[in-house]
Amino acid sequence: QVQLVESGGGLVQAGGSLRVSCAASGSIVSTHYMGWYRQAPGKQRELVASITRGGSTNYADSVKGRFTISRDNAKNTVYLQMNSLKPEDTAVYYCAAGLVGSVYWGRGTQVTVSS
């Protein structure tokens, strides 16, 4: 059982940077993967980035080269560093944790990028 809380969202200008955090109540070491998803109004939730237990990362093509996912096991926290932000990145960003038989979701943090 894992509970996730996102933070760090906000309003930024296009071209700016932001780092969102996902704090887990349980050890993230026990998870199969951690991921960041986002959902814009009227659109489907999409995977932005993920990191496995072994440290392998994967990114959506739209954010590759701009976003970086990382984790701090001691703090039970996963981060998403977002650089060169574009208005198209505007969405609610959700953290997800995958364990055997279950997926847990945070409640999201809003990221708004102005043009």
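Description of the structure in this document.

Cut-off values and rules
Residues numbered from 1 in each chain as written. Predicted model: local features only at pLDDT ≥ 70, side-chain atom pairs only at ≥ 80, totals over all residues. Heavy atoms only, no water. Core = buried A, V, L, I, M, F, W, Y, C linked by side-chain atoms within 4.5 Å. Buried < 20%, exposed > 50% of the residue type's maximum accessible area, 1.4 Å probe, protein only. Helix = DSSP H or I, 4+ residues; strand = E, 2+ residues; numbered from the N terminus. Contact = heavy atoms within 4.5 Å. Pairing = 2+ DSSP bridges. Axes fitted to C-alpha atoms, helices over the stretch in contact; angles between N-to-C directions. Phe/Tyr/Trp six-rings, centres within 6.5 Å; stacked < 30°, edge-to-face > 60°. Lys NZ or Arg CZ within 6 Å of the ring centre and 35° of its normal. Salt bridge = Lys/Arg side-chain N within 4 Å of Asp/Glu carboxyl O.

Counting 30 residues, the largest nonpolar core has Met 34, Trp 36, Leu 80, Met 82 and Tyr 93 as the members making the most contacts within it. No other element matches the five residues that strand β9 (residues 91-99) contributes to this core. Ignoring anything within four residues of it in the chain, the contact list for Leu 80 reads Leu 18, Arg 19, Val 20, Trp 36, Val 48, Ala 49, Phe 67, Thr 68, Ile 69 and Tyr 93.

On to the sheet that holds strand β3 (residues 18-24), then. If you trace the four strands from one edge of the open sheet to the other, you get β1-β3-β8-β7, paired in antiparallel fashion. In this open sheet, the two strands that pair with only one neighbour each are β1 (4-7) and β7 (67-72). Ignoring which end each strand starts from, the neighbouring axes of this sheet average 15 degrees apart. With six bridges connecting them, β3 and strand β8 (residues 77-82) associate as antiparallel partners. Of the residues in β8, the one forming a bridge with Arg 19 is Gln 81.

Below, the discussion takes up the packing of aromatic side chains. Applying the stated criterion across every chain, the model contains one aromatic pair. Across from the ring centre of Tyr 94, 3.8 Å away, lies the NZ or CZ of Arg 45, which sits over that ring. When the ring centre of Trp 105 is taken as origin, the NZ or CZ atom of Arg 45, which lies over that ring, is 4.7 Å away.

On to the pairing of β1, then. Of the two faces of β1, the one holding Leu 4 and Glu 6 is buried and the one holding Val 5 and Ser 7 is not buried anywhere. The sheet contact formed by β1 and β3 spans four bridges and is antiparallel. Opposite Ser 7, over in β3, you have Ser 21 as the bridge partner.

This next bit is on the pattern of salt bridges. Any two side chains of opposite charge can pair, on the condition that their charged atoms come close. Under the defined criterion, the tally for this structure stands at three salt bridges. Salt-bridge contacts for Arg 38 lead to Asp 89; the nearest nitrogen and oxygen are separated by 2.9 Å. Of the two residues, Arg 38 is situated in strand β4 (residues 33-39) and Asp 89 in the loop between β8 and β9; the sequence distance between them amounts to 51 residues. Taken individually, Arg 38 and Asp 89 each receive the classification buried, so the pair is uniform in this respect. As a salt-bridge pair, Arg 66 and Asp 89 come within 2.8 Å of each other at their nearest N and O atoms. One end of the pair, Arg 66, is in the loop between β6 (57-59) and β7; the other, Asp 89, is in the loop between β8 and β9, with 23 residues separating them in the sequence. For the residue pair Arg 66 and Asp 89, the accessibility class agrees, reading buried in each case. Several salt bridges converge on common partners, so that one network encompasses Arg 38, Glu 46, Arg 66 and Asp 89.

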